[in-house]
Every structure is written in C-alpha cells, then in structure tokens.
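Remarks on the overall topology
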Amino acid sequence: MSEEFEIKNKVAASGLINFDLTDLVPKGARKGIDLKDFLFMEMILKEKDFREKVAAINTEEYQDAYVYIYNSADAIVPLWAYFLITAKLTDATKKIVFGSPENLEIVLMHDAIKNYDFSEMNGKRVLVKGCSDKAIPENAYVELVENLKPIVKSLMFGEACSNVPIHKN
C-alpha cells in the first residue's frame, strides 16, 4: 500500500485522552440486607431476638461483597440496629451503606473518583465516554467534572466522532 493511501487514526494522534467511568466501577458482588427479616412479624424489633438473628448471620456469605442495608417494612427501627449489623459484617465486606442498590453505587463511585489519580490528565484534552453498557450514577459524572475541570486543558463528553465540549482552560 502506498503512503498516500495510508489510514491514520487522527483521534489517537491528537493526544486526546479517552476516559471511561466504567473503568472505575468496583468489581465484586452486591448484596442487600433487609431489616424486615430481623423483625418480629416483620413489624417490631425485639432486642433479644434481633441480636440473636444478627449473631446468626453467616459472614462468609458477605465476604468481599458490597452491602446495602435497607428496611422494606413499615416499621421504625432504632439506629443501634444498623450499628449491630454493620459491626457484624464490617470485617468481611468491602463496603457497607444504608440505602438502596442505587445508593450503594453512588457511594462506590464517589469513593472510586475520590481515590483516583487524575494527574496524568493534567493539561490534557479529555473526552469522557458517553455510552456505556454499565449503569453509572449521574452523580459520578458531576464529581468527575469537579475533579477534571481545574486540571485539564479541555473537557468533552461523548464519543470522539461526536462530542459535546464542556470546558476549556
């Protein structure tokens, strides 16, 4: 093939950094614990029974998992109940939060972004990938912009062939 017909990857040659937030999604099982399963008749917390059920939790089932604790019962649960379950599981799990699976993902992505070293993007043109096969909480994009805006030369969102300029320094 002659040099005049050589195909060049202009995106690769542009110095553009493609950043995919899905690369930051922590890998591991997600598991939920519903407090209603620990309540008498799924309505009342009896301390002795509750403590016995918490003590009976098999922590191996939650080993290296990301856990969210929630309460699907229409019952008032004292805060110390969350303390007991968390204390039981904290040595086995990677992370425990109160809330929904969505709340768990928000916290996981927050931690991942907070702990990521963005220094390689300092003064560079950065394109944040827009499409993904994994669900990314919207808040992760907000936090990402907070981290990137002060350090990048330019910030874009989308795909190399079709992007939305967000910010230029």
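Attention in this report is confined to the structure presented alongside it. Predicted model, so just to flag it, every value in this text is computed and none were measured.

Side note on the overall build of the chain
- The number of helices and strands found in the chain is five helices and seven strands.
- Mapped in sequence order, the helices and strands of the chain form the string α-β-β-α-β-α-β-α-β-α-β-β.
- The C-alpha atoms of the chain give 23 Å as radius of gyration, which overshoots the globular expectation for 169 residues (15 Å, by more than 25%).
- The principal-axis extents of the C-alpha atoms in the chain amount to approximately 80 × 35 × 25 Å.
- The 169 residues of the chain split such that 35% are buried.
- Considering only contacts in the chain between residues 6 or more positions apart, those separated by 24 or more positions represent 77%.
- As displayed, the chain offers around 10,800 Å² of accessible surface, 53% of which is attributable to carbon and sulfur atoms.

Focus: the nonpolar core
- Residues L35, F38, F50, I85 and L89 are the most contacted members of the largest nonpolar core, which totals 20 residues.
- Breaking this core down by element, the ones donating at least two residues are α2 (47–55), β3 (66–70) and α3 (79–89).
- The element that contributes the greatest number of residues to this core is α3, accounting for four residues.
- Look past the residues within four positions of F50 in its chain and what remains in contact with it is L35, F38, L45, W80, A81, L84 and I85.
- Within the second largest apolar cluster, 18 residues are counted, among which are I17, L24, M109 and I136.

Digging into unusual backbone geometry
- Positive phi is not limited to glycine here, since E42 has a value of about 55 degrees.
- Along the chain, the position of E42 falls in the loop between β2 (30–34) and α2.
- Overall, the relative accessible area of 41% leaves E42 in the partly exposed class.
- A positive phi angle, near 60 degrees, is found at D64, a position not held by glycine.
- By the secondary structure assignment, D64 is in the loop between α2 and β3.
- With relative accessibility at 42%, the residue D64 sits in the partly exposed group.

What about the sheet that holds strand β1 (residues 17–19)?
- Here four strands make up an open sheet; going across it, the order is β1-β5-β6-β7 and the pairing mixed. Strands with a single pairing partner mark the edges of an open sheet, and in this sheet they are β1 and β7 (162–168). Each adjacent strand pair in this sheet contributes to an overall mean axis angle of 25 degrees, direction not counted.
- Sheet analysis places strand β6 (residues 154–159) next to β7, joined by six bridges and oriented antiparallel. Residue L155 lies in a different strand from β7, and its bridge partner there is H167.

About the criteria used
- Residues numbered from 1 in each chain as written.
- Predicted model: local features only at pLDDT ≥ 70, side-chain atom pairs only at ≥ 80, totals over all residues.
- Heavy atoms only, no water.
- Helix = DSSP H or I, 4+ residues; strand = E, 2+ residues; numbered from the N terminus.
- Rg over C-alpha atoms; globule rule 2.2 N^0.38 Å.
- Buried < 20%, exposed > 50% of the residue type's maximum accessible area, 1.4 Å probe, protein only.
- Contact = heavy atoms within 4.5 Å.
- Areas by Shrake-Rupley, 256 points an atom, 1.4 Å probe, with all protein chains shown as cover.
- Core = buried A, V, L, I, M, F, W, Y, C linked by side-chain atoms within 4.5 Å.
- Pairing = 2+ DSSP bridges.
- Axes fitted to C-alpha atoms, helices over the stretch in contact; angles between N-to-C directions.

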